[in-house]
Amino acid sequence: MVKVKYLMGMALSVALISCGGTGDGFVEENVEFARKQIGKEIELIEASGKFMNPTTLNPDGSVYCNLADWRSGFFPGSVWYLYELTGDKSLLPLAQKYTEAVKDAKNIKWNHDVGFMIYCSFGNGLRLTGDPEYKEVIVEAARSLST
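Reading the values: rules and limits
Residues numbered from 1 in each chain as written. Predicted model: local features only at pLDDT ≥ 70, side-chain atom pairs only at ≥ 80, totals over all residues. Heavy atoms only, no water. Helix = DSSP H or I, 4+ residues; strand = E, 2+ residues; numbered from the N terminus. Buried < 20%, exposed > 50% of the residue type's maximum accessible area, 1.4 Å probe, protein only. Areas by Shrake-Rupley, 256 points an atom, 1.4 Å probe, with all protein chains shown as cover. Salt bridge = Lys/Arg side-chain N within 4 Å of Asp/Glu carboxyl O. Axes fitted to C-alpha atoms, helices over the stretch in contact; angles between N-to-C directions. Parallel < 35°, antiparallel > 145°, perpendicular 65-115°, else oblique. Left-handed = near helix turned anticlockwise from the far one by under 90°. Contact = heavy atoms within 4.5 Å. Nonpolar A, V, L, I, M, F, W, Y, C, P; charged D, E, K, R; others polar. Expected span 1.5 Å × (residues − 1).

Trainee: Explain the overall build of the protein to me, using residue names and the numbers behind them.
Mentor: Counting its regular elements, the protein contains six helices and two strands. Secondary structure elements in the protein, listed N-terminal to C-terminal, are α-α-β-β-α-α-α-α. Among the 147 residues that make up the protein, the fraction classed as buried is 37%. Carbon and sulfur atoms form 59% of the exposed surface of the protein, whose accessible area is close to 8200 Å².

Okay, here's the thing in structure tokens:
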């Protein structure tokens, strides 16, 4: 349920920002909510000393997936979006690190969801940083997907 609210809030926030209107603080409230939710996962991941790719955050604990899961690029992509929405420079190295953790998904040839895996993470990274290495990963993923 929290994930649904988070995703709805993010989608509405992006829609409102792109339309130029900020309403009565609705966007800011939802960006702050997203910051708190993503911040909880970042704390868990960083405390673990490894990258764990969260798919769901709930009171009973988080659910994680590996890089071959169709949702694997969503969390890194969410960190990129949060970086973009907040301008918080401390999120940039985390977005880069979590994106790098799913890089090997570019070689997956048996799953039609490679676009979700790579473009949410590397696509947003390329869009926001212009890093040519991100483009190389995207192109390689496209080659894999085309097989």
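Trainee: Can you lay out the pattern of salt bridges for me, pointing to particular residues and giving the numbers?
Mentor: Between side chains of opposite charge, a pair can form as their charged atoms come close. Within the structure shown, the criterion is met by seven salt bridges. Notably, a salt bridge pairs Arg143 with Glu140, separated by 3.6 Å at the nearest N-O pair. In this pair, Arg143 and Glu140 both sit in helix H6 (residues 132-146), three residues apart, roughly one turn of the helix. Using a relative accessible area of 27% as the deciding quantity, one classes Glu140 as partly exposed. Overlapping salt bridges, with partners in common, bring together Glu32, Arg35 and Asp88 in one network.

Trainee: Describe in detail the packing of helix H3 (residues 74-86) against helix H4 (residues 91-100), supporting the description with residues and values.
Mentor: It is the contact of H3 with H4, at a shortest axis distance of 8 Å, that shows an interaxial angle of 160°. By the criterion of interaxial angle, the relationship of H3 to H4 is roughly antiparallel. Where H3 crosses over H4, the handedness of that crossing is left-handed. Here H3 contributes Phe75, Pro76, Val79, Trp80, Leu82, Tyr83 and Thr86 to the contact with H4, which in turn contributes Leu91, Leu92, Leu94, Ala95, Gln96, Tyr98 and Thr99. Across the contact of H3 with H4, the residue classes break down as eleven nonpolar, three polar and no charged.

Trainee: Tell me about H3, and name the residues and values.
Mentor: Between the first and last C-alpha of H3 there are 18 Å, a value that for 13 residues agrees with the 18 Å anticipated at 1.5 Å per step. By the burial criterion, the buried members of H3 are Phe75, Pro76, Gly77, Ser78, Val79, Trp80, Leu82 and Tyr83. Within two residues after H3, Gly87 carries a phi angle of roughly 70°, on the positive side.

Trainee: Describe the side chain of Ser144, with residues and values.
Mentor: Relative to the helices and strands, Ser144 is located in helix H6. Take Ser144: its relative accessible area is 1%, and that puts it in the buried class. Excluding anything up to four places from it in sequence, Ser144 contacts Lys106, Asn107, Ile108 and Lys109.

Trainee: Would you mind going over the packing of H3 against helix H5 (residues 114-129) in detail, with residue names and values included?
Mentor: One can describe the packing of H3 onto H5 by two numbers: an axis separation of 7 Å at closest approach and a directional angle of 25°. Considered as vectors, H3 and H5 are oriented roughly parallel to each other. The two elements H3 and H5 meet at a crossing, and its hand is left-handed. Touching Phe74, Pro76, Gly77, Trp80, Tyr81, Tyr83 and Glu84 of H3 are Phe116, Cys120, Ser121, Asn124, Gly125, Arg127, Leu128 and Thr129, all from H5. Its residues placed into classes, the contact of H3 with H5 shows eight nonpolar, five polar and two charged.

Take it as geometry only, folks, not as evidence of what the structure does.
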